[in-house]
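Here's the letter readout for the chains.
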Amino acid sequence: MFSIMTLLFVVAIILWCFSTQARAQAQLETARPTVKQAIGKITTRREATGKPAPVAGGSCDFGVVVTTGDEFTVLTTGLTVFQNKTMVVPIPGWGLNDLIFARTRAAIPAGVSVLRIPYNPAKFPPRDESKDTLKDRLFRDLNAELAGYMREVAKGTNCRHYIQILNSVSPIGTSNYTVRGFGILNQDVVLGRRIYLYALAFIRIFDGRDFSVVRQSSALINVHHSLVVQRLLGRQIGGPYRELPAESFPTRPEDAADNPALRDGVRAMLAESLDKTLPLLLGVRSAASQSDAKER
């Protein structure tokens, strides 16, 4: 009896995790008119006046805040915990925050006013992971927490919508290990080493009135398959990643910050995933899609 109850409990947890990911992906694929209607009204106003709507006194149509941080993780995992090594390397020179804002601004139609909101992580201490238990996940009011968080971040501004770009988290294969944000993974497996460079971002769009989440999704390059489907197809990381030669892994973790190949790889994956995901969340077709439609 005990083993059966344990098995049912484990299955319930797995189904709950899959349903959570599916809901997040469904928000990308299911049309929600709020943001699209706002864009339509704003664009019409611009066409009437011939000038972009001004941004003054903190008022705007879209406020954009980037909370990913300037960090790159150099991670090694092995068959035992004694092989695991993690080092977080500062990478302010990579310009990821500026890149994220630039790609977000490019996804919003011309003439729609956009305000870049500075973010000070010192004002927002990290969540105590020790309190992130199954009970917390099942009974906590995540929507209220997100609304309160963004309300504090956006304090002093007045925008119709807010876009937050943050780090995404993904399991590594079927293991208990996870990766987060930007980094490189040295996975010491039975048959040899596997090196993965990854760039994992997450997008949330908030209503500016009550700070409810309008839409959200991981930033994906393959937007036609949900994260659940990608994992079933054998993807090692849920989000953009590349497998690299063994010699790509830095001998000293701190050397990663000065490695142009790692920097350019992360920037390329990040830009492509934002360029493909943001237009879908905003209800705006990308230029490439419009071009394809014309050719047909």
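Structure first, text after, so check above.
Residues numbered from 1 in each chain as written. Predicted model: local features only at pLDDT ≥ 70, side-chain atom pairs only at ≥ 80, totals over all residues. Heavy atoms only, no water.

A. A look at the sheet that holds strand S11 (residues 213-218). With mixed pairing, the five strands of this open sheet are ordered in space as S4-S1-S5-S10-S11. The sheet is open, and its two edges are formed by strand S4 (114-116) and S11, each paired on a single side. Geometrically, the sheet is characterised by an average inter-axis angle of 20° between neighbouring strands, direction not taken into account. One ladder, built from five bridges, connects strand S10 (residues 201-207) with S11; its direction is antiparallel. Its bridge partner lying in S11, Arg204 is registered against Gln216. (Pairing = 2+ DSSP bridges. Helix = DSSP H or I, 4+ residues; strand = E, 2+ residues; numbered from the N terminus. Axes fitted to C-alpha atoms, helices over the stretch in contact; angles between N-to-C directions.)

B. Molecular detail of the state of the cysteines. Applying the stated criterion across every chain, the model contains one disulfide. In this model Cys60 forms its disulfide with Cys159; the gap between the sulfur atoms is 1.8 Å. One quick way to see it: the torsion about the S-S bond of Cys60 and Cys159 is about 105°, and its sign makes the bridge right-handed. Residue Cys60 is found in strand S1 (residues 59-66), and its partner Cys159 is found in strand S5 (residues 158-167); the two are separated by 99 residues along the sequence. (Disulfide = S-S within 2.5 Å.)

C. Structural view of the pairing of strand S9 (residues 192-199). Pairing of strand S8 (residues 182-189) with S9 involves eight bridges; the strand directions are antiparallel. By the bridge assignment for S9, Leu185 is matched with Tyr196. Pairing geometry for S9 and strand S12 (residues 241-244), over four bridges, is antiparallel. Note that in S12 the partner of Tyr198 across the bridge is Tyr241.

D. Main features of helix H3 (residues 96-107). The terminal C-alpha atoms of H3, which comprises 12 residues, lie 17 Å apart, in line with the 16 Å expected from a rise of 1.5 Å per residue. Buried residues of H3: Leu96, Asn97, Leu99, Ile100, Phe101, Thr104 and Ala107, and no others. Those residues of H3 that are buried lie in contact with S1, S4, S5, S8 and helix H7 (260-282). (Expected span 1.5 Å × (residues − 1). Buried < 20%, exposed > 50% of the residue type's maximum accessible area, 1.4 Å probe, protein only. Contact = heavy atoms within 4.5 Å.)

E. View of the nonpolar core. Core analysis: the largest hydrophobic core is formed by 39 residues, its most contacted members being Phe72, Ile163, Ile184, Ile203, Val266, Leu270 and Leu274. With nine residues, H7 is the single largest residue contributor to this core. With near-sequence residues (within four places) excluded, Val266 lies in contact with Phe72, Trp94, Leu96, Phe182, Leu197, Tyr198 and Ala199. In this structure, Cys60, Val153, Tyr162 and Val213 belong to the second largest nonpolar core, which totals 15 residues. (Core = buried A, V, L, I, M, F, W, Y, C linked by side-chain atoms within 4.5 Å.)

F. Representation of unusual backbone geometry in the model. A positive phi is found at Phe211, a non-glycine position, where the angle reads about 60°. Along the polypeptide, Phe211 turns up in the loop between S10 and S11. Relative accessible area serves as the criterion here: at 8%, Phe211 is assigned to the buried category.

G. Quick look at the side chain of Ser113. Topologically, Ser113 is positioned in the loop between H3 and S4. At a separation of 2.7 Å, a polar atom in the side chain of Ser113 contacts the side chain of Asp61. (Polar contact = N/O pair within 3.5 Å; in protein donor to acceptor, adjacent residues only side chain to side chain.)

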